[in-house]
Amino acid sequence: MREFFLIICPYAIWCIAAAEALFTILFLVQYTKSKDPMLLCMGLITVGLFLDAAIIGLGAVLKGDALAGISRIRFFSHGLLIPLLFPICAYALRWKKPLRIAVWCLTVLLMVAGVAQAAATVLEPKELAGVMRYAASGATPKWADTISRLLSFGTVIPLMIAGIAVWIRQKTPHLFLSGFLMFTFSALGPATGNTDLIFFISMFGEVLMVLFFRLYAMHAAKEQKN
């Protein structure tokens, strides 16, 4: 299985980036029609995931300072956009305005922390399967590493919990599956001893998360029409 992942890695990354670009367009088009803020949040998160995949994909053709310069964008987009998972949960759960405002306050604080973490992260080049990427090095401050882990895992768990509540109330498992598949693929690398492939294996979880966001958004739009 490891050899298979290594062979497909450079090509699969671009396929994932293309899929995320398509989903971004679908979310933003649907948002312009409905003005549903949940769709805007989903679209912006997908933009961040697309940037992450596309920049890593460029590591197959770019080297040196050019790649180092644009790689920092990955960390800023991750820190700034991943906290939008919290408002998605609030909108999906159909919380009242005071609760939504509280969630947005938390989200903004996490965004600020995410941007600070991205600025403080010390990058180092790593190459695997012909793809050069810049990742956080051991010289990164511990507080920045903690925030990065919080954004990666601490946001997906609430998504799964909200997804269970939505499943019970709205009779659709799509939101739960978006969080569950993201969490599963993020854990798959360490669980199989392929820690160096975490960045790649987790990309499959990201595109599946976005797919089920799209399915949930379609279900919610159909419910509103009925």
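Notes on the structure follow. Model, not experiment: these values are computed from the prediction.

Calculation criteria
- Residues numbered from 1 in each chain as written.
- Predicted model: local features only at pLDDT ≥ 70, side-chain atom pairs only at ≥ 80, totals over all residues.
- Heavy atoms only, no water.
- Helix = DSSP H or I, 4+ residues; strand = E, 2+ residues; numbered from the N terminus.
- Rg over C-alpha atoms; globule rule 2.2 N^0.38 Å.
- Buried < 20%, exposed > 50% of the residue type's maximum accessible area, 1.4 Å probe, protein only.
- Contact = heavy atoms within 4.5 Å.
- Expected span 1.5 Å × (residues − 1).
- Core = buried A, V, L, I, M, F, W, Y, C linked by side-chain atoms within 4.5 Å.
- Axes fitted to C-alpha atoms, helices over the stretch in contact; angles between N-to-C directions.
- Parallel < 35°, antiparallel > 145°, perpendicular 65-115°, else oblique.
- Left-handed = near helix turned anticlockwise from the far one by under 90°.
- Nonpolar A, V, L, I, M, F, W, Y, C, P; charged D, E, K, R; others polar.

## Structural notes on the overall build of the protein chain
Part 1 of the argument: Of regular secondary structure, the protein chain possesses nine helices and two strands.
Part 2 of the argument: Taken over the C-alpha trace, the protein chain has a radius of gyration of 17 Å; the compact-globule value for 226 residues is 17 Å, and the two agree within 12%.
Part 3 of the argument: Structurally, the protein chain occupies a C-alpha span of about 55 × 35 × 35 Å along its principal axes.
Part 4 of the argument: Put simply, the protein chain has 226 residues, and 46% of those count as buried.

## A few points about the side chain of Thr-155
Part 1 of the argument: Relative to the helices and strands, Thr-155 is located in the loop between α6 (142–153) and α7 (156–170).
Part 2 of the argument: Of the residues examined, Thr-155 reaches a relative accessible area of 2% and is grouped as buried.
Part 3 of the argument: Not counting chain neighbours up to four residues away, the residues in contact with Thr-155 comprise Ile-82, Leu-85, Phe-86 and Leu-150.

## Here's the deal with helix α3 (residues 64–81)
Part 1 of the argument: Under the 1.5 Å per step criterion, the end-to-end length of α3 is 27 Å for 18 residues, consistent within 8% with the ideal 26 Å.
Part 2 of the argument: Residues Leu-67, Ser-71, Arg-74, Phe-75, Ser-77, Gly-79 and Leu-81 constitute the buried set of α3.
Part 3 of the argument: Structurally, α3 contributes buried residues whose contacts are with α2 (37–58), α5 (97–120), β1 (123–128), β2 (131–136) and α6.

## Considering the nonpolar core
Part 1 of the argument: Core analysis: the biggest nonpolar cluster contains 46 residues, and Ile-88, Phe-200 and Phe-213 have the highest contact counts within it.
Part 2 of the argument: Looking at this core, the elements that each hand over two or more residues are α1 (2–34), α2, α4 (85–92), α7, α8 (174–191) and α9 (198–225).
Part 3 of the argument: The leading source of residues in this core is α9, at eleven residues.
Part 4 of the argument: Here Ile-88 is in contact with Met-38, Cys-41, Met-42, Ile-45, Leu-175 and Phe-213, once residues within four sequence places are set aside.
Part 5 of the argument: Phe-75, Ala-118, Leu-123 and Met-132 belong to the second largest nonpolar core, which has six residues in total.

## Considerations on unusual backbone geometry
For residues besides glycine, phi is generally negative; the peptide bonds are generally trans as well.
Part 1 of the argument: Although it is not a glycine, Ala-129 adopts a positive phi angle of roughly 55°.
Part 2 of the argument: Topologically, Ala-129 is positioned in the loop between β1 and β2.
Part 3 of the argument: Unusually for a residue other than glycine, Lys-171 sits at a positive phi of about 60°.
Part 4 of the argument: Structurally, Lys-171 can be placed in the loop between α7 and α8.

## Notes on the packing of α5 against α6
Part 1 of the argument: Their axes nearest at 9 Å, the elements α5 and α6 cross at an angle of 130°. Judged on the interaxial angle alone, α6 and α5 are oblique. In this structure, α5 crosses over α6, and the sense of that crossing is left-handed. Of the residues in α6, those touching α5 at Leu-110, Ala-113, Gly-114, Ala-116, Gln-117 and Ala-120 are Trp-143, Ala-144, Ile-147, Ser-148, Leu-150 and Leu-151.
Part 2 of the argument: In terms of residue class, the contact of α5 with α6 is built from nine nonpolar, three polar and no charged.

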